[in-house]
Amino acid sequence: MFSNQRPRRPGIQACGSLVLLTGLLVTGGVTWVRQLGFLEGNELSAYDALLRMRPDDARDDRLLVVGITEEDIQQRQEYPLKDSTVATLLQTLRAYGPRVTVLDIARDVPQGDGREALMAELQASDRIIAGCVLSSQTEPGIPPPPGVAPDQVGFADFPIDLQGIVRRSILISTPAPTDSPLGNTHLCNEADPENELLSLALLSALIYLEDEGIPIDQTANGELQLGSVVVPRLSEQASGYAQNGATDYQVMLNYRARENAIPMVSLTDVLEGNVNPNWIENRLVLIGYTSTAANDYFFTPYSGQLDGGDISMPGVMLHAQSASQLISAVLDGRSLIWYWPLGIEVIWILGWAIIGGTPGVYLRKTGQFVLAEAAITGALLAACYGLFLSGGWVPLTPALLAALVTAMGTVLLDRGDRTGYSQALYEQTRDSIRGVFKPTINVNHAQKAEQVAEIANSAFFKELQQRAKQIREQRQQLTKDK
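Caption draft 1: Quick peek at unusual backbone geometry. Looking along the chain, the bond that leaves Tyr-79 and enters Pro-80 is cis, with omega of -5°. Examined against the element boundaries, Pro-80 turns out to sit in the loop between helix H3 (70–76) and helix H4 (83–96). At Asn-260, a residue that is not glycine, the phi angle is positive and equals roughly 60°. Mapped onto the elements of the fold, Asn-260 is located in the loop between strand S10 (249–252) and strand S11 (264–266). Overall, Asn-260 belongs to the exposed group, its relative accessible area being 54%.

Caption draft 2: Seen up close, the environment of Leu-25. By the element assignment, Leu-25 lies in helix H1 (residues 12–35). Separated by 328 residues in sequence, Leu-25 and Ala-353 have C-alpha atoms that sit 9.7 Å apart.

Caption draft 3: Representation of the state of the cysteines within the structure. Inspection of the entire model under this criterion finds one disulfide. With its sulfur 1.9 Å from that of its partner, Cys-132 forms a disulfide with Cys-188. Between Cys-132 and Cys-188, the S-S dihedral sits near -85°, and the bridge is therefore left-handed. Placement of Cys-132 in strand S3 (residues 128–132) and of Cys-188 in the loop between strand S5 (168–173) and strand S6 (197–198) is noted, with a sequence separation of 56 residues between them.

Caption draft 4: Structural context of the pairing of strand S12 (residues 284–289). Counting buried residues along S12, six of its six residues qualify, which places the element largely inside the surrounding structure. Side-chain alternation along S12 places Leu-284, Leu-286 and Gly-288 on one buried face and Val-285, Ile-287 and Tyr-289 on a second face that is also buried. Of the strand pairs in this sheet, strand S2 (residues 100–103) and S12 are connected by four bridges, and their pairing is parallel. Within the sheet, the bridge partner assigned to Leu-103 lies in S12 and is Ile-287.

Caption draft 5: Quick peek at helix H2 (residues 40–53). When the terminal C-alpha atoms of H2 are compared, their 20 Å separation across 14 residues agrees well with the 20 Å that a helix rising 1.5 Å per residue should span. Listed in full, the buried residues belonging to H2 are Glu-40, Glu-43, Leu-44, Ala-46, Tyr-47, Asp-48, Leu-50 and Leu-51.

Caption draft 6: The arrangement of the sheet that holds S11 in detail. Spatially, six strands are ordered S4-S3-S2-S12-S1-S11 in an open sheet, and the strand pairing comes out parallel. Edge positions in the open sheet fall to strand S4 (153–155) and S11, since each of these has one partner strand only. When the angles between neighbouring strand axes are averaged without regard to direction, this sheet yields 25°. Where strand S1 (residues 63–68) lies against S11, three bridges are found, and the strand directions are parallel. Bridging from a neighbouring strand, Gly-67 pairs with Ser-266 of S11. Contacting S2, S3, S4 and S12, helix H6 (residues 200–210) crosses the sheet at an angle of about 170° to S3.

Caption draft 7: Representation of the nonpolar core in the model. Leu-63, Leu-171, Val-231, Tyr-255, Leu-284, Leu-318 and Trp-348 are the most contacted members of the largest nonpolar core, which totals 71 residues. Setting aside residues up to four positions removed in sequence, Leu-171 forms contacts with Phe-155, Leu-197, Leu-198, Ser-199, Leu-202, Val-231, Tyr-249, Val-251 and Leu-326. Counting residues in hydrophobic clusters, the runner-up holds 34 residues, among them Ile-73, Leu-93, Cys-132 and Phe-155.

Analysis parameters
Residues numbered from 1 in each chain as written. Predicted model: local features only at pLDDT ≥ 70, side-chain atom pairs only at ≥ 80, totals over all residues. Heavy atoms only, no water. Helix = DSSP H or I, 4+ residues; strand = E, 2+ residues; numbered from the N terminus. Buried < 20%, exposed > 50% of the residue type's maximum accessible area, 1.4 Å probe, protein only. Disulfide = S-S within 2.5 Å. Pairing = 2+ DSSP bridges. Expected span 1.5 Å × (residues − 1). Axes fitted to C-alpha atoms, helices over the stretch in contact; angles between N-to-C directions. Contact = heavy atoms within 4.5 Å. Core = buried A, V, L, I, M, F, W, Y, C linked by side-chain atoms within 4.5 Å.

Just geometry here; none of it tells us what the structure is for.
Laid out in structure tokens, this is it:
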């Protein structure tokens, strides 16, 4: 027996409850899917897109890259460069008075003549940093040049995401134990927890900032502090990452620009004296291969651009960008990439889910609903882009997904409620549980069409239609009475 009480017309409170409940359910689902890693690829692609959309920063003239180009190799007919050539380059640069020099070239074994001259140059100044490669489980690593003091050694490793893109920079790490039988024990494969090494970028930046009188410290929770700037350590599930493997000290690499971020000259320019001495004096100078023959190129977030530009970046330029971001953060106030804790990210996603679901219960015309959702999407993109301009990496893909799914969910639930089918289905389900009515349907693929016809003509379906009609008539009468 149906109740004679007139149903109340859904009001603002009821609509709000519908949106909130739907938003909570959708947000929970999106967060769960996100934590499992199913959205990681989309979130990282969105990060790359935001980085490409962002205006390039001005060139950092405090640094200089000496690139060993293909023209240098062909002109000198040297690959790899001879030790004598590297020694001459270091000697020439030292005469100009750079603040610190980074050698991003493997020199663990002799190359051609001039070995003694190279060793003498590497030991002539404590402002020359030599590179190495950390050991991994399968690789023994590449040692630094012999005879270089440990505090003048920095590793050249970068973490590479699954898409082959470098989005992060390692600042401090420890060599991993290796199963490789090759190679001797050296500083960069000594798997001792106490053997914490600094990257080329961090070590060179610290020396540069030391001359600026910037104190180096660490916070109570062990984070690096340069003056008043705290360099936040990247967690393993930072923002869009489900699991990035950042067990060492990593940060997001805040690129300055795709091109012309750091001034660059060639090896030949330096050796022939064709470089303005002011570009070298008191600067951070990095030396490395820019020829593709060295196979030292990496994909970056800029590699997704379809404008015919370069799709990869030489390793020496990545080190320069990484060092520049630390120096710029301290001296220029340039923001590092930051992100929210998980709890705040969930609130952000829920907020956009509610915003996206609201038009579904108030706008009846399809055109108005579509325009409203398009406006909400635009507002979300603008908000994420605006925060990214200040270094903020906040959830874009999860928030957009939650907003759209909540919108469709509220539309379906609201329309079902207003036509009476939701209430009628609830009542029929309740009666069915009580044993008043229990329809039985045998699913057989061979009789699918016949089964559908039987369902449509069943007493259950007809009673459901009749009850929905009565609910609509009651609501219409209520509207007329008011």
